[in-house]
Amino acid sequence: MPHSFPISDFLNTPGIILDVRSPNEYAQGHIPNAKSFPLFTDEERAQVGTCYKQQGREQAVELGFAIAGPKFVNFITQAKALAPDKQVRIHCWRGGMRSGAVAWVLEMAGFQVSTLKGGYKTFRNWALNACQTPKPIITLGGMTGTGKTNILTALAAQGAQTLDLEQLASHRGSSFGSLGLPPQPSNEHFENRVAIAWSNFDPAQPVWIEAESCRIGICRVPDPLFQQMIQAPIIQVVRPRAERLALLVEVYGSANIEELIGATERIRKRLGGLRTQQAIALLQQRQLTEAFDLILEYYDKTYQYDLEKRKVPIYSVDVTGLSDAESAALLLEKAKFYCQELC
């Protein structure tokens, strides 16, 4: 018989995770790094569910085996390709018949199988509660174009604990934030990604998180985490405007002009009609530096307004002329003095 584990043990058990729910269920949200391994297609799942409601459990089970039975050989072949070591973890929605059926097939084929008690539903409950665990945070602040995201990556490379919410959300958090990036995950899956990352951090060491609003594109930062973020001290990087503009051109210089114009239009109300038209005209002429210079007026005011609302210690670090790695090293050094209670 396969071993059935509670969520904390299941996540730490060896073996690839096979999510045997339907493709639509998987797309809505799944355990990060789990592979979609559906017992039924979306249409087949609907057929079995209808049969259960209209004819009862016994008939639904028979229909399920009639649909899935011919697939069993392919399941074994696919599982061997995904898990050459023959160690797999399996779950469905509630830890019931779907995971049980696939587990039985793979165990008969010689696999070492672990299942999740309560299925994905249990994982979701765990994920929604994961960020309630308090951990020390250092907020990495700085105006648009100061290179915070690159510095966060450099901090991680130098051994710091970092939570890159923008990477997990596939969005940079502004009107321009989706340009050049893959589609965003569902909010549910974003929460799953954040929960896994948060649970793996050492509570004895600070976690560096870029200053964000509660929403990053369509994704919403879990409220328990956001409440910790807005109470954390801020170390903000400072660069001269010329460097900031150069960094923005580096990030967005290859973007489609029409997409840049569309992003500018989305902030027309706050940027102002005249300034918006001037910025768009400059974009059409591919004068990106001059266009971003106008657009920064809005983002600088927004950042300053948000900063003033936070009643936390704020420390500024000038990184003029420094590389990402040099900036990260300087921040780590400064943090020893600014945030001794966190380090």
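Further up the page is the structure itself.
Residues numbered from 1 in each chain as written. Predicted model: local features only at pLDDT ≥ 70, side-chain atom pairs only at ≥ 80, totals over all residues. Heavy atoms only, no water.

1. Let's talk about the overall build of the chain
Heads up, the condition is: Strands here mean DSSP runs of E at least two residues long; helices mean DSSP runs of H or I at least four residues long; both are numbered from the N terminus. Think of it in three bands: with a 1.4 Å probe and only protein chains considered, a residue is buried below 20% of the maximum accessible area for its type, exposed above 50%, and partly exposed in between. Between two residues, a contact is recorded if the distance between any of their heavy atoms is within 4.5 Å. Only the protein chains shown count as cover for residues, and all accessible areas are computed by the Shrake-Rupley method using a 1.4 Å probe.
Secondary structure summary: the chain contains 17 helices and twelve strands in total. In terms of overall dimensions, the chain has a C-alpha envelope of 70 × 45 × 35 Å along the principal axes. For the chain, the residues scored as buried account for 46% of the 343 residues in total. Of the contacts formed within the chain by residues at least 6 apart in sequence, a portion of 74% connects residues at least 24 apart. As displayed, the chain has an accessible area near 16900 Å², and 53% of this comes from carbon and sulfur atoms.

2. Considerations on the sheet that holds strand E11 (residues 234-238)
To keep it simple, the criterion reads: Paired strands, in this sense, are two strands between which DSSP finds at least two bridges. Axes here mean lines fitted to C-alpha atoms, for a helix over just the part in contact, with angles spanning 0 to 180 degrees between N-to-C directions.
Ordered by their spatial adjacency, five strands build an open sheet running E7-E8-E6-E11-E12, and the pairing between neighbours is parallel. Where the open sheet ends on each side, the last strands, each with one partner, are strand E7 (161-163) and strand E12 (314-318). Between one strand and the next, the sheet's axes are offset by a mean angle of 30 degrees, whatever the strand orientation. Both strand E6 (residues 137-141) and strand E8 (residues 207-210) contribute to a ladder of four bridges, which runs parallel.

3. Some points on the packing of aromatic side chains
Selection criterion: Here a pair means two rings of Phe, Tyr or Trp (six-membered ring of Trp) with centres within 6.5 Å. Their orientation is stacked below 30 degrees between planes, edge-to-face above 60, and tilted elsewhere.
Applying the stated criterion to the full structure yields eleven aromatic pairs. For the pair Phe37 and Phe75, a centre-to-centre distance of 5.5 Å together with 40 degrees between the ring planes defines the contact as tilted. Of this pair, Phe37 sits in the loop between strand E3 (35-36) and helix H3 (42-55) while Phe75 sits in helix H5 (residues 72-82), and the two are 38 residues apart along the sequence. Across this residue pair, the class does not change: Phe37 and Phe75 are buried. Here the aromatic rings of Phe176 and Tyr252 are separated by 6.0 Å at their centres, their planes lie at 55 degrees, and the arrangement is tilted. One end of the pair, Phe176, is in the loop between helix H9 (165-169) and helix H10 (187-199); the other, Tyr252, is in helix H12 (residues 241-252), and 76 residues separate them in sequence. For Phe176, a relative accessible area of 4% gives the class buried.

4. Section: the sheet that holds strand E5 (residues 112-116)
If you walk across this open sheet you meet the five strands as E1-E5-E4-E2-E3, and the pairing is parallel. The sheet terminates laterally at strand E1 (3-5) and E3, the two strands that pair on one side only. Summarising the sheet, E1 and E5 pair through three bridges and their orientation is parallel. The residue bridging His3 from the neighbouring strand is Ser114, located in E5.

5. A closer look at the side chain of Glu210
The cut-off we apply is this: Working convention for charge: Lys and Arg count positive, Asp and Glu count negative, and His plus the chain ends are omitted. Think of a salt bridge as a Lys or Arg side-chain nitrogen and an Asp or Glu carboxyl oxygen that are within 4 Å of each other. As used in this structure description, the phrase polar contact means that two N or O atoms lie within 3.5 Å; if the pair is within protein, one of them must be able to donate a hydrogen and the other to accept it, and residues adjacent in sequence are counted only when both atoms belong to side chains.
Structurally, Glu210 is set in strand E8. Buried and unpaired, Glu210 has Lys148 as its nearest opposite-charge partner, separated by 4.1 Å. Within the local environment of Glu210, its side chain forms a polar contact with the side chain of Thr149, the two groups lying 3.0 Å apart. Aside from chain neighbours lying at most four places away, what touches Glu210 is Thr139, Leu140, Lys148, Thr149, Leu152, Leu163, Glu166 and Met229.

6. What about the environment of Gln167?
With respect to the helices and strands, Gln167 occurs in helix H9. Separated by 164 residues in sequence, Gln167 and Leu331 have C-alpha atoms that sit 21 Å apart.

7. Details of the pairing of E8
Residue alternation in E8 divides its side chains into two sets, Val207 and Ile209 and Trp208 and Glu210, and both sets are buried. Both E7 and E8 contribute to a ladder of three bridges, which runs parallel. Within the sheet, the bridge partner assigned to Leu163 lies in E8 and is Ile209.

8. With respect to unusual backbone geometry
A positive phi angle is found at Ser170, which is not glycine, with a value near 55 degrees. Along the chain, Ser170 turns up in the loop between H9 and H10. A positive phi angle, close to 60 degrees, is found at Arg286, a residue other than glycine. Inspection of the secondary structure puts Arg286 in the loop between helix H15 (273-284) and helix H16 (288-309). Taking relative accessible area as the criterion, Arg286 reaches 48% and is therefore assigned partly exposed.

9. Considerations on the pairing of E6
For E6, a buried count of five out of five residues is recorded, marking the element as mostly surrounded by other parts of the structure. Both E6 and E11 contribute to a ladder of three bridges, which runs parallel. Of the residues in E11, the one forming a bridge with Thr139 is Ile234.

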